[in-house]
Number of protein chains: 2
Amino acid sequence: MSITPEEFRQERDIDLRTEHEVVNIDPANRTVTARSGDEEIVQEYDHLLVATGAEAVLPPIDGFDRTGVFTLGSMSDGKDPWEYVGRARSEEDLQQPDRGPACQFLESCTGPVGIVGGGYIGIEMAEALAANGFEIHLFQRGDRILKQFSTATSKAILDPLDEQNVVVHLNADVQALEGDDEVTAISATNDYVPVEMVLVGTGVRPRTALAEDAGIQLGDTGAIATDAYRETNLQNVYAAGDCAKAAHVVTGDPAYIPLALTANRHGRAVGQTIAGEPTEGGGVAGTAAIKTFELEAARTGILDHEIARDAGFDPITETIEAKSRAGYYPEGGTVQVTLTIDRSSGRVLGGSLVSEYGEGAVHRSHALVGAVTEGITVGELSNYDLAYAPPFNTTWDPILTAAKVIDGQR
Amino acid sequence: MSITPEEFRQERDIDLRTEHEVVNIDPANRTVTARSGDEEIVQEYDHLLVATGAEAVLPPIDGFDRTGVFTLGSMSDGKDPWEYVGRARSEEDLQQPDRGPACQFLESCTGPVGIVGGGYIGIEMAEALAANGFEIHLFQRGDRILKQFSTATSKAILDPLDEQNVVVHLNADVQALEGDDEVTAISATNDYVPVEMVLVGTGVRPRTALAEDAGIQLGDTGAIATDAYRETNLQNVYAAGDCAKAAHVVTGDPAYIPLALTANRHGRAVGQTIAGEPTEGGGVAGTAAIKTFELEAARTGILDHEIARDAGFDPITETIEAKSRAGYYPEGGTVQVTLTIDRSSGRVLGGSLVSEYGEGAVHRSHALVGAVTEGITVGELSNYDLAYAPPFNTTWDPILTAAKVIDGQR
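Structural notes, computed from the coordinates. Since this is a predicted model, take the numbers as computed values, not measurements.

Here is what the cut-offs are and how they apply
Residues numbered from 1 in each chain as written. Chains lettered and ligands numbered in written order. Predicted model: local features only at pLDDT ≥ 70, side-chain atom pairs only at ≥ 80, totals over all residues. Heavy atoms only, no water. Phe/Tyr/Trp six-rings, centres within 6.5 Å; stacked < 30°, edge-to-face > 60°. Helix = DSSP H or I, 4+ residues; strand = E, 2+ residues; numbered from the N terminus. Buried < 20%, exposed > 50% of the residue type's maximum accessible area, 1.4 Å probe, protein only. Lys NZ or Arg CZ within 6 Å of the ring centre and 35° of its normal. Least-squares fit on C-alpha atoms with pLDDT ≥ 70 in both. Contact = heavy atoms within 4.5 Å. Buried area = accessible area lost by both parts, 1.4 Å probe. Salt bridge = Lys/Arg side-chain N within 4 Å of Asp/Glu carboxyl O. Polar contact = N/O pair within 3.5 Å; in protein donor to acceptor, adjacent residues only side chain to side chain. Nonpolar A, V, L, I, M, F, W, Y, C, P; charged D, E, K, R; others polar. Pairing = 2+ DSSP bridges. Axes fitted to C-alpha atoms, helices over the stretch in contact; angles between N-to-C directions.

## Regarding the packing of aromatic side chains
- The final tally for this structure, using the stated rule, is four aromatic pairs over all chains.
- Centre to centre, the rings of Tyr120(A) and Phe149(A) are 6.1 Å apart; their planes meet at 75°, and the pair counts as edge-to-face. Placement of the pair is Tyr120(A) in helix α5 (residues 120–131) and Phe149(A) in the loop between β8 (136–139) and α6 (151–158), with a sequence separation of 29 residues. Accessibility assignment for this pair places Tyr120(A) and Phe149(A) in one class, buried.
- The ring of Phe8(A) carries the charged tip of Arg12(A) above its face, separated from the ring centre by 5.8 Å.
- Stacked on the ring of Tyr357(B), the Lys or Arg Lys291(B) has its end atom at 5.1 Å from the ring centre.

## What to know about unusual backbone geometry
- At Arg230(A), a residue that is not glycine, the phi angle is positive and equals roughly 70°.
- With respect to the secondary-structure elements, Arg230(A) resides in the loop between α7 (209–213) and β15 (237–239).
- Phi is positive for Asn171(B), close to 50°, though the residue is something other than glycine.
- Mapped onto the secondary structure, Asn171(B) falls in the loop between β9 (166–169) and β10 (174–179).
- Judged by its relative accessible area of 46%, Asn171(B) is partly exposed.

## Overview of the relation of the copies chain B and chain A
- Overlay of chain B on chain A (RMSD 0.0 Å): rotation 180°, translation along the axis 0.0 Å. On the angle and the small slide along the axis, the relation comes out as a two-fold axis. The position closest to the rotation axis in chain B is occupied by the C-alpha of Ala367(B), lying 2.3 Å away.
- Both copies share a contact surface, since 100% of the interface residues of chain B are interface residues in chain A too.

## A word on the interface of chain B and chain A
- Counting residues at the interface gives 54 residues for chain B, matched by 54 residues for chain A.
- Where chain B abuts chain A, roughly 4,200 Å² becomes buried across the two surfaces, and 62% of that area is made up of carbon and sulfur atoms.
- For the interface between chain B and chain A, the tally reads zero salt bridges.
- Applying the counting rule to chain B against chain A returns 24 residue pairs in polar contact (both at pLDDT 80 or more).
- For the side of chain B that touches chain A, the elements supplying multiple residues, two or more each, are α8 (260–274), β18 (288–292), β19 (295–301), α10 (361–374) and α12 (398–407) of chain B.
- The element that contributes the greatest number of residues to the side of chain B that touches chain A is α10(B), accounting for ten residues.
- Taken together, the residues of the side of chain B that touches chain A sort by class into 24 nonpolar, 18 polar and twelve charged.

## A short note on the sheet that holds strand β3 (residues 39–44) of chain B
All names here are of chain B.
- If you walk across this open sheet you meet the three strands as β1-β2-β3, and the pairing is antiparallel. Single-partner strands in this sheet number two, and they are β1 (21–26) and β3. Adjacent strand axes in the sheet meet at a mean angle of 20°, parallel and antiparallel pairs treated alike.
- Both β1 and strand β2 (residues 31–36) contribute to a ladder of five bridges, which runs antiparallel. When the bridges of β2 are listed, Asp26 appears paired with Thr31.

What follows is the structure, encoded as structure tokens:
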């Protein structure tokens, strides 16, 4: 999307082959076989990067094939529902009733829209659709949305959703997407909700079939296993991005956290390594950020006590709320900070923040990424000489206050 | 201002004595002598904290005693010029021509206002006065404003000031504040500028006379020397805040960087130490933040090459500009990041950032405070798993881009 195939070929001298599906990797002969239409080509390689990404995980629900149901796992998956909605709303289209049943259905599609999955994608889709006037019903299997964040952050994001025309159904196991050709309702554990469109964002898994067929080993996470330079068990064959695992900076253990920055960073590192400058791409901290309506939130490190205990820590968690700017400064808000630390050592394991959009929860999280990466204690964090001025924080930034509070509870 | 004397006495059980000037410390007898009006009291102590703060440094200029000249070194110094201005602008006052010469002078005071000093205080005063419709002439002795920041940050802040009714005179040695009773003009190296009010913010120095008289030792910085627990050379006598030095997190050497967070943190640490829980207050990174009109900026660590070389580093500096949000996301701006690193080790020594207000230069600087405090390399920084989402940054946050760029130039 941001660099066209022509730019790749002409400006970067990269022999980009679009619409070529690789169907086989032959590591013994160092070739890949690709199909394009009826043609099949065999390409030799010295080094190979497997960057096959991830694919949407679909829960065992009936009705995915109905018109008006969209899964969200790729760029085109993201565009399709918008084109579907856009078509319905184009005046020109509305005047052309001969454009088929989907379009006729869409003429009246202003919702409600069902969303299955309360993770990043589900919440972001809810925001985008609500901003376009749709009523939303969001179904989440667990007892809170955005479960990667702290319980407190999840609750802070959940609470105002009802004001935004988003009905959240928690502990809701979706059983079927009802209807005939077109989807007409979602039936879940405790609800039967009429809908006119359904978006499904229930996570992704690494796309590894091609690699597995070639004898490339996967790790416990189900993603392709690599060393710190992203080399797989096959010499000169690398894997990076959403198909591969990476080491977690807190535990050192392999983790599967498929996000854009890691993919980008590891792809570049492999390029440098292949070009003769061996480069480690670094680990992952599981950092993520989201804007949702009027709020922004970020999380990093390990917040889940079970994961922390498995890694040998004795986790405790505390949440504080503090002003985002000096009390006398206009237009401030609130920053809520959750920290999870190891009780005995005081080491910062993870953090989760939420504030009004623009009040800095996400950029403030940068400090916590450093803290979890460097393995510092919360006492050390509380002594950080963070920037202070009244338009940006109180004398103690909310992060320092959170560090001080939880350090006092060890 | 934020806690009244009554609250101190009643809610916190602190025997606060306002309007008591301590005139003597007698460490041999563990007493302080204070004067209040005609009364003199002698107070015994077990532990003593010297927190005498800083005092304004006045350059050798004639005319400080003229009406309409204000120095800025304390809370009341900050309030006085506003009352002076406010009085002039009150309709009620304007109808009372019998309120004395200062008030009559002020009836017509809409500027121009002269500001001597282009540091934090000078720039913040310029913003506040310009926002109230005053024309400003700001005189700075050196070749740039905000010299604690990187050259690039200084320039980014300077450039738009002319649109804000602020005329900046660089390389301007102010020689006199002209006039009779009232100040009427500033004469400097190359300029003679008529003004109706002058604010002087040319820095502060530690207020140490009382401590020196008691035999408390100062350090090379001219501030009171202490150990990591803020204890002075006299047992059970502590010093913290703007009167005392602190260790710089990059060099480990004593530094005098009088700012609010350090004072607050060290004061609390001394309290804990005296109360029986020995607590180090931590070092200083020289972190500072400022909002100036439409911009925000922060700096941390060591940017000055001479200081870096004195500490044994081989500094190089690089500045990059990057989008503050994803290119397709509405209303983004630009973040300019300057990094100074040690060429051979790659260690991050300091950073300086500037962006439009709200685009996150200040909160992003939190990442750099950690980097300089932990002594990590710029290569390690470039691998940090910082939060990314389109409303907050590009996939590589500007800090990561800066780290990558300067790491490539070593």
